Each structure stands twice: as C-alpha cells, then as structure tokens.
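Observations on the three-dimensional arrangement
Spelled out, the chains give:
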Amino acid sequence: MTDYSAARTAMVDCQVRPSDVTKFPIIEALLSVPREAFVPVDKKSVAYAGAHMTLSENRVLLDARTFAKMLDAVNIRPTDMVLDLGCGLGYSAAILSRLAEVVVAVEEDAEMAAAANTLLDKSADNVFVTHAPLVSGDAKHGPYDVVMTQGAIETLPDAIASQIKDGGRIVSIFSQNGLDQCRVGFKAGGKISWRYAFDANAPVLNGFETSPEFTF
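Position labels on residues start from 1 in each chain and follow its written sequence. Per-residue local features of the predicted model are confined to residues with pLDDT of at least 70, and side-chain atom pairs are confined, for both listing and counting, to 80 or more; whole-chain, interface and lining totals are unaffected and use all residues. The side-chain numbers reported here are obtained from all heavy atoms of the structure, hydrogens and water having been left aside.

The subject of this paragraph is the environment of A152. Mapped onto the secondary structure, A152 falls in strand 6 (residues 144-153). Under the relative-accessibility criterion, A152 is labelled buried at 0%. Residues A152 and R59, spaced 93 residues apart in sequence, show a C-alpha to C-alpha distance of 9.7 Å. Contacts are residue-level and defined by heavy atoms, with any inter-residue pair within 4.5 Å sufficient. Filtering out sequence-adjacent residues up to four positions away, A152 remains in contact with I173, S175, A202, P203, V204, L205 and F208. Working definition: helices are DSSP H or I runs of at least four residues, strands are E runs of at least two. Numbering for both runs from the N terminus. Type-normalised accessible area, obtained with a 1.4 Å probe on protein chains alone, sets the label of each residue: buried when under 20%, exposed when over 50%, and partly exposed for intermediate values.

Moving on, we come to helix 1 (residues 4-16). Those residues of helix 1 that fall on the buried side of the exposure criterion are R8, M11, V12, Q15 and V16. In an axial view of helix 1, the angular spread of the buried residues amounts to 110°, which keeps them on one side of the axis. In this structure, the buried side of helix 1 is in contact with helix 2 (24-32), helix 3 (64-74) and helix 4 (91-97). What the arc covers is the set of directions going from the helix axis to the C-beta atoms.

Here the focus is the pattern of salt bridges. The working definition used for a salt bridge is a side-chain nitrogen of Lys or Arg within 4 Å of a carboxyl oxygen of Asp or Glu. A full pass over the atoms with the stated rule returns six salt bridges. Between D72 and K23 there is a salt bridge, with its nearest N and O atoms 3.4 Å apart. Of the two residues, D72 sits in helix 3 while K23 sits in the loop between helix 1 and helix 2, which places them 49 residues apart along the sequence. Residue D72 is classed as partly exposed on the basis of its relative accessible area of 22%. Judged by its relative accessible area of 33%, K23 falls in the partly exposed class. Among the salt bridges present, the one from R59 reaches E107, with a minimum N-O distance of 2.6 Å.

Aromatic pairing here means that ring centres of Phe, Tyr or Trp (its six-membered ring) are within 6.5 Å. Orientation follows from the plane angle: under 30 degrees is stacked, over 60 is edge-to-face, and everything else is tilted. With the rule as written, the count across this model stands at three aromatic pairs. Between the aromatic rings of F67 and Y91, the centroid separation amounts to 6.0 Å while the plane-to-plane angle is 50°, which identifies the pairing as tilted. You can see F67 sitting in helix 3 and its partner Y91 sitting in helix 4, a full 24 residues away along the chain. Grouping residues by exposure puts F67 and Y91 together as buried. Taken together, the aromatic side chains of F38, F67 and Y91 make up a single cluster linked through ring pairs. Above the ring of Y91, the side-chain terminus of R35 is found at 4.9 Å from the ring centroid. Sitting over a ring, as applied to charges here, requires NZ of Lys or CZ of Arg to be within 6 Å of the ring centre and within 35 degrees of the ring normal. The lysine or arginine in question, R183, covers the ring of F174, its NZ or CZ lying 4.4 Å from the ring centre.

A few words on unusual backbone geometry. Across the junction of G142 and P143, the peptide omega takes the value 5°, indicating a cis bond. Among the structural elements, P143 can be located in the loop between strand 5 (127-131) and strand 6. Positive phi, close to 60°, is recorded for N58, a residue that is not glycine. Position of N58 relative to the elements: it lies in the loop between strand 1 (53-56) and strand 2 (59-61).

Time to look at the nonpolar core. Grouped together as the largest cluster of nonpolar side chains are 54 residues, with contacts concentrated most on L30, L71, I76, Y91, I95 and L120. Considering each element in turn, this core owes the most residues, six residues, to helix 3. Apart from the residues lying within four places of it in its own chain, the contact partners of L71 are I26, I76, I95, L96, L99 and M148. Counting 17 residues, the second-largest nonpolar core is a separate cluster that includes I160, I170, F174 and F208. What is meant by a nonpolar core is a set of buried Ala, Val, Leu, Ile, Met, Phe, Trp, Tyr and Cys residues, joined one to another through side-chain atoms within 4.5 Å.

Here it is as structure tokens:
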C-alpha cells in the first residue's frame, strides 16, 4: 500500500525545494493537499512522480517542480483573486485556494470539470469551478489579480488578457519556435509586458495556438 504522505514529503524535498522554491505558503500547500486525490484512479500510484501526468489529449497535470516554480514566479498574495485555466481534476485550484482569497477554476472537459467540482467542494470553500472553453476564461467573475494556465500557450487571446486587472499578472509556459519557457506577464496601462522566469515545457492548451499565416 502506497504511503502517500511520505510520497508527498519526498516530492517537496526532492523536486520542489532543490528548485529554489522555499516560500512557506507554497511548501505548506504542497504538503497539505493530497495530490493522489486529484488524479485518475489508475494513476494514483504515480501521482508524485517527477513528470507531467497525462489527463487527456494535450492535457496534463503539471509536474510538481514546474507548477511550484510557476507559483513562486507569480507571487500570489492572500488577497488575490486567481483565474486558473485548465484545472483538470482540481489539484491546481486546491493548491491555489490555500494561497489566494478566491480561485475561479475553468475546465472545458465536462467530466473533469464535474470531478473537480465534487473534489473541491469537499476541501476548498473559496473555489468556483466553471465548465467553459479555456480560451473564454470567466469574464463574469473577473477581472483577476492573477491568471495561471495549466499548460503551454503559443499566444494569449485578447479575451484572457482583458480579464487581467490593470496591475495584475499572468504566469504561463510559452511554446514558440521550439523555445519553451515560463514567463510572467505584468499588466499596466492596458498592456502586458513579459519577463522570463525559467525553462519549462507542456502541451499547448486548446485555443491558445498561434493562427497559421497564409501567404499568396
């Protein structure tokens, strides 16, 4: 029988802390949330492996190192309202719920959205799960202090950019021209300026691809 508590501690000690993520709120959240509860039943035994876990086509649960470094880079505050795009079965939202004041989690897969809603209803009273296309976000509850994407993007749709508060920020993995890296965007005066955070890769989320250019 798997000792998930020990596996959780090992994940933090071997994958997260060595990656220079040491902020107490992040470490505490990662140690508190049972990652195995938010993965497909047949993958519970590898819930704490140091690699992305496939949830469906082009959708993954980000590995702990990447996810933790994204949280560290965007520096979520206790008063922040966060938009979590692509929450899957709800793990990312569960972690975010311990760092932010309110989390709006968007999932476009109906089955995963329903599962996330059920799981989070039991463990996080400050998370709202919305079943909608990721590319649409959730404008009704915005704008947001922080937007986080649980997968890579090639381009940021205007619909998502408009849901970031002026003075707010976004953290995403960019996949462009074979160069994959996590960046943090800061919105000021209606425009977003991006800064490199660290190298990372993940599948590109549906709707966040760059439109092909046609030439004649």
